[in-house]
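Breakdown of the fold
If you want the building blocks of each chain, they are given just below.
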Amino acid sequence: MGSLKKVLRKKKYVKIKLKKIVTNHLELTAKINGIKGRFILDTGASNSCVGLDMKSYFNLISKESEVKAAGAGAIDMETQQSENNSLKIGDWKTKTCDLVLFDLTHVNMALKQHKAKEVHGIIGADILERGKALIDYDKKLLFLRKEKKKKLKKVPF
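Residues numbered from 1 in each chain as written. Predicted model: local features only at pLDDT ≥ 70, side-chain atom pairs only at ≥ 80, totals over all residues. Heavy atoms only, no water.

Take a positive patch on the surface next. Taken together, the side chains of K12, K31, K36, K88, K93, K95, K146 and K149 present a region of like positive charge at the surface. Looking at where K88 falls in the secondary structure, it is placed in strand β9 (residues 80-89). With relative accessibility at 34%, the residue K88 sits in the partly exposed group. (Patch = residues over 30% accessible without salt bridge, like charges linked within 9 Å, V, L, I, M, F, W, Y side chains within 5 Å. Areas by Shrake-Rupley, 256 points an atom, 1.4 Å probe, with all protein chains shown as cover. Salt bridge = Lys/Arg side-chain N within 4 Å of Asp/Glu carboxyl O. Lys, Arg positive; Asp, Glu negative; His and termini not counted. Charge placed at Lys NZ, Arg CZ, Asp CG, Glu CD. Helix = DSSP H or I, 4+ residues; strand = E, 2+ residues; numbered from the N terminus. Buried < 20%, exposed > 50% of the residue type's maximum accessible area, 1.4 Å probe, protein only.)

What follows is about the side chain of S82. In this structure, S82 sits in strand β9. Accessibility expressed as a relative area gives 0% for S82, which makes it buried. There is a polar contact of 2.8 Å between the side chain of S82 and the backbone oxygen of I61. Setting aside chain neighbours within four positions, we find S82 in contact with L60, I61, S62, C97, D98, L99 and L101. (Polar contact = N/O pair within 3.5 Å; in protein donor to acceptor, adjacent residues only side chain to side chain. Contact = heavy atoms within 4.5 Å.)

Right, let's talk about the pairing of strand β3 (residues 26-32) for a bit. Of all the seven residues making up β3, five are buried; the element is thus mostly covered by neighbouring parts of the structure. As paired strands, strand β2 (residues 19-20) and β3 are joined by two bridges and run antiparallel to one another. Bridge pairing links K19 to E27 in β3. Count of turn residues in the β2/β3 antiparallel hairpin: five residues, of which N24 carries a positive phi of about 75°. Both β3 and strand β4 (residues 35-41) contribute to a ladder of seven bridges, which runs antiparallel. Bridge pairing in β4 links K31 to K36. (Pairing = 2+ DSSP bridges.)

A word on the nonpolar core. Membership of the largest hydrophobic core comes to 24 residues, with the highest contact counts inside it found for L28, L87 and I89. Counting only elements with at least two residues in this core, the list comes to β1 (13-17), β3, β4, β9, β10 (92-102), α3 (125-130) and β13 (141-145). Judged by nonpolar contacts, the second largest core, of 12 residues, contains C49, V107, V119 and I122. (Core = buried A, V, L, I, M, F, W, Y, C linked by side-chain atoms within 4.5 Å.)

This part is about helix α2 (residues 105-113). Listed as buried for α2 are V107, N108 and L111. All buried residues of α2 lie within an arc of 90° about the axis, which places them on one face of the element. A positive phi of about 65° marks K115, the residue just after α2. (Arc of directions from axis to C-beta.)

What follows deals with the packing of aromatic side chains. Scanning all chains against the criterion turns up two aromatic pairs. Summarising the aromatic geometry, the rings of F39 and F58 are spaced 6.1 Å apart at their centres and angled 35° between planes, so their arrangement reads as tilted. Here F39 is found in strand β4, whereas its partner F58 is found in the loop between β5 (49-51) and β6 (63-64), with 19 residues between them in sequence. In this structure, F39 and F58 share a single accessibility class: buried. Exposure remark for F58: the relative accessible area of 0% places this residue in the buried category. (Phe/Tyr/Trp six-rings, centres within 6.5 Å; stacked < 30°, edge-to-face > 60°.)

Another aspect to go through is the pattern of salt bridges. Throughout the structure, instances matching the rule amount to five salt bridges. Residue K19 pairs with E27 through a salt bridge whose shortest N-O separation is 3.9 Å. The buried category is assigned to E27, whose relative accessible area is 7%. The shortest N-O distance in the salt bridge between K112 and E118 comes to 3.1 Å. For K112, a relative accessible area of 48% corresponds to the partly exposed category.

By themselves these figures say nothing about function.
Following this line, the structure appears as structure tokens:
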């Protein structure tokens with residue numbers, strides 16, 4: 001039987017380094033629309049999200065959302081939705097990433113109280129599912145499977 005590393009490489013998985021921060025969260029670097037940011041990996045967050053104050057930083061176009069956000073000790077927060085953004089985590093990428101924008105002040109205040117750096121957002125289960133994620137907690141690694149390129153259908157003229 002081959003090593004897990006070989007199997008994952010064959011199945012087109014990419015390896016992403018995670019960093020354990022003082023709050024025991026796992027942190028990673030990602031690029032949204034080509035702009036680098038710091039994100040918490042949160043398997044319990046259904047959607048990936050970005051702080052509302054980061055909208056112009058990541059060049060996000062958003063619209064008001066009917067959905068209210070709840071999580072990390074806050075409920076009923078106003079949200080916005082931003083669709084079809086590019087997201088790059090290590091060598092894994094997608095051009096159709098939907099993000100929820102909401103006030104992450106409470107998250108960043110908690111991080112600062114623990115002397116941790118503030119984050120731009122959260123990578124949630126939506127991206128983890130899409131990338132068929134595997135997390136190696138021991139080695140602090142995230143594995144995401146590259147998205148298959150959609151073949152363009154040839155249109156007869």
